[in-house]
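# Observations on the model geometry
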Amino acid sequence: MDHVYVCQNGNSCNSWYKTRTQFSGTLDAFVKIIRYEGIRSLWSGLPPTLVMAIPSTVIYFTTYDQLQAFLRGRLGPQSSLSPLLAGSVARLGAVTVISPLELIRTKMQSRRLPYSELWGCIRSAVNQDGLLSLWRGWGPTILRDVPFSAFYWFSYETIKFRLCEKYRLTQANFATSFTAGAVSGATAAILTLPFDVVKTRRQIQLGEMDALGASMKTTSSTWQIMRNIWVELGYRGLFAGFMPRVIKVAPACAIMISTYEFGKAFFRERN
């Protein structure tokens, strides 16, 4: 699903996407990618995704839990500011550490880059544009992920509290966490989608410049790219990949948070 989203989101994935695959929807993207590239192409970029997920999750949840406990002690246990602030700071740290790995994943997905050529391509990009080129797309990612995280945790904690109150639960069970996570994730994904479109377009530019042997010393700002998309494609362009992103994020958030809450409760009972 993440691969389908990159293809729909980036108008300039590569010549292969331009010539044969003008996607009319999520299902159409699935069919055409499998037809021309094979089913394995849907999992291109999987190793860097897995490598990225582990440290990102550890940093994110550990930071959130520690900050949440600290802020609740200062602001009160029912303060709505604590999940907002804790979620924002936790995501900021995780994104900064993981941003180069996400760039690698996007490059592999958009250009069908074989693993044998990956290191040479990265080294070429660093030689041309400097080490900071590995953080290209950091700004739009922060603009997407920090508000996403803030809104997600605020919504999640609120919905979870209301559900526990409604069903008279002393502690959220798996179903409660799953429902709250899915609803919060889907809503946050929709609200922050324009920034994700900008982030994906900017990261794909690096792969195109590598292919042309050119250097990107200057890049447009996030707002300039957003303005260009609006002029070229209208508001629909800013919400390109809407359905794949929601289908990807909602279950991912639901599974992630319900599993995490279950794990915390499981080990808390045994310790």
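These remarks concern the structure in this document. Throughout, residues of each chain are indexed from 1 in the direction in which the sequence is written. pLDDT decides what is reported in this predicted model: residues at 70 or higher carry local features, side-chain atom pairs at 80 or more are listed and counted, and totals for whole chains, interfaces and linings draw on all residues regardless. Water and hydrogen atoms were dropped before computing side-chain values, which therefore reflect all heavy atoms in the structure.

## Quick word on unusual backbone geometry
What counts is decided by this rule: For the purposes of this entry, the term helix denotes a DSSP run of H or I that reaches at least four residues, the term strand denotes a run of E that reaches at least two, and both are numbered from the N terminus.
Phi at Arg168 takes a positive value of approximately 55°, unusual for a residue other than glycine. Tracing the backbone shows Arg168 in the loop between helix H7 (138-166) and helix H8 (174-191).

## Observations regarding the nonpolar core
Here is the rule we go by: By convention a nonpolar core is built from buried Ala, Val, Leu, Ile, Met, Phe, Trp, Tyr and Cys residues, the set being connected through side-chain atoms within 4.5 Å. Each residue is placed in one exposure class: buried if its accessible area under a 1.4 Å probe, protein chains only, is under 20% of its type's maximum, exposed if it is over 50%, and partly exposed if it falls in between. Only heavy atoms enter the contact rule, under which two residues are in contact if any of them lie within 4.5 Å.
Core analysis: the biggest nonpolar cluster contains 17 residues, and Tyr60, Phe148, Tyr152, Trp153, Tyr156 and Ile257 have the highest contact counts within it. Elements that contribute at least two residues to this core include exactly helix H4 (46-75), helix H5 (81-111), H7, H8 and helix H12 (242-270). In this view, Tyr156 contacts Ser177, Ala180, Gly181, Ser184, Ile257 and Glu261; residues no more than four positions away in its chain are not counted. If you look at the next biggest cluster of nonpolar residues, it comprises 8 residues, including Leu193, Val198, Ile229 and Leu238.

## Let's talk about the environment of Ala150
In this structure, Ala150 sits in helix H7. Along the backbone, Ala150 and Arg91 are 59 residues apart, and their C-alpha atoms lie at a distance of 8.6 Å. When residues no more than four places from it in sequence are discounted, the contact partners of Ala150 are Leu84 and Ser88.

## Concerning helix H3 (residues 26-37)
This is how the line gets drawn: Multiply 1.5 Å by the residue count of a helix minus one, and that product is the helix's expected span.
An ideal rise of 1.5 Å per residue puts 16 Å on 12 residues; H3 measures up with 16 Å between its terminal C-alpha atoms. Positive phi appears at Gly38, one or two residues downstream of H3, with a value of about 90°.

## A short note on the pattern of salt bridges
For clarity, the cut-off: Any Lys or Arg side-chain nitrogen located within 4 Å of an Asp or Glu carboxyl oxygen qualifies as a salt bridge.
Considering all chains together, one arrives at 11 salt bridges under this definition. With its nearest N and O atoms 3.6 Å apart, the salt bridge here joins Arg72 to Glu157. Residue Arg72 is located in helix H4, and its partner Glu157 is located in helix H7; the two are separated by 85 residues in the primary sequence. When its relative accessible area of 14% is taken as the criterion, Glu157 is described as buried. Because the salt bridges share partners, they merge into one network encompassing Asp65, Arg72, Glu157, Lys160, Glu261 and Lys264.

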